[in-house]
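# Examination of the molecular architecture
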Amino acid sequence: MNLQEQIALVEKLRKQLKKVLDPELNINVVDLGLIYDISLLEENMAEITMTLTTPGCPLHDSIVGGVKHCVLELDEIEKVNVQLVWEPAWTPDRMSEDGLRAIGR
């Protein structure tokens, strides 16, 4: 896969991840700013580095599972690794303009 194909696949993954909603806020994980990085480790393997709004988030398993499931729906991806990180900590400053509009800012 050449560089342009890799870039296109990462953008396709980002778009796909917009299907995953934070159930409490009803905002997708991309616009909420929870997705920190999307990497292609091998041709058919993606790694998603993400966080949650708080370390004690009661919907941790639901959101991380939703990310995994959503990514694996793409024909180009056979394996996904989700790295959950707490540094840097999530803040509302990480939200996209669409995410901010969704909460009325």
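These remarks concern the structure in this document. Position labels on residues start from 1 in each chain and follow its written sequence. In view of the model being predicted, local features appear only for residues whose pLDDT reaches at least 70, and side-chain atom pairs are presented and counted only at 80 or more, with totals across whole chains, interfaces and linings using the full set of residues. Excluding hydrogens and water, the side-chain values take into account all heavy atoms of the structure.

### Quick notes on helix H1 (residues 3–17)
Helical geometry: 3.6 residues make up each α-helical turn, so side chains three or four residues apart lie on a common side. A helix here means a DSSP run of H or I that spans at least four residues, while a strand means a run of E at least two residues long, and both kinds are numbered starting from the N terminus. Helix span, as expected, comes to 1.5 Å for every residue beyond the first. Between its first and last C-alpha, H1 extends 21 Å over 15 residues, near the 21 Å set by a 1.5 Å rise per residue. When accessible area is computed with a 1.4 Å probe and restricted to protein chains, residues below 20% of their type maximum are described as buried, those above 50% as exposed, and intermediate ones as partly exposed. Regarding H1, the residues found buried are Leu9, Val10, Leu13, Gln16 and Leu17. Looking down the long axis of H1, one finds its buried residues gathered within 120 degrees of arc, a one-sided arrangement. More than 90 degrees from the buried face of H1, the exposed residues found are Gln4, Ile7 and Lys15. Contact partners of the buried residues in H1: strand E3 (35–42), strand E4 (45–50) and helix H2 (60–72). Capping of H1 at its N-terminal end is provided by Asn2; its side-chain oxygen lies 3.0 Å from the backbone amide nitrogen of Gln4. Each direction from the helix axis to a C-beta atom contributes to the arc, which is the arc of those directions. Two residues form a contact once any of their heavy atoms are found within 4.5 Å. Any N or O atom pair separated by 3.5 Å or less is treated as a polar contact, with the protein-specific requirement of one donor-capable and one acceptor-capable atom, and with residues adjacent in sequence counted only for side-chain atom pairs.

### Some words on the pattern of salt bridges
What makes a salt bridge here is a side-chain nitrogen of Lys or Arg within 4 Å of a carboxyl oxygen of Asp or Glu, nothing more. Going through the model one piece at a time under the given rule, you end up with 4 salt bridges. Taking the shortest distance from any N to any O, the salt bridge between Asp31 and Lys18 comes out at 3.6 Å. Here Lys18 lies in the loop between H1 and strand E1 (21–22) and Asp31 lies in the loop between strand E2 (27–28) and E3, a separation of 13 residues in the sequence. Here Arg101 and Asp98 are joined by a salt bridge, their closest N and O atoms 2.3 Å apart. Of this pair, Arg101 and Asp98 both sit in helix H3 (residues 97–102), 3 residues apart, roughly one helical turn.

### Things to note about H2
The terminal C-alpha atoms of H2 lie 19 Å apart, and with 13 residues this matches the ideal 18 Å at 1.5 Å per residue to within 8%. For H2, every residue scored as buried is listed here: Ile63, Val64, Val67, Cys70 and Val71. Buried residues of H2 fall within an arc of 130 degrees about the axis and therefore sit on the same side. Of the exposed residues in H2, those oriented more than 90 degrees away from the buried face are Asp61 and His69. Against the buried residues of H2 lie H1, E1, E4 and strand E5 (79–84).

### Focus: the state of the cysteines
Two cysteine sulfur atoms form a disulfide, by the criterion used here, when they sit within 2.5 Å. Summed over the entire model, instances satisfying the criterion amount to 0 disulfides. Just so you know, Cys57 is unpaired, no disulfide at all, and the nearest cysteine sulfur is the one on Cys70, 17 Å from it. The class for Cys57 is buried, based on a relative accessible area of 8%.

Limitation: the analysis is restricted to geometry and does not speak to function.
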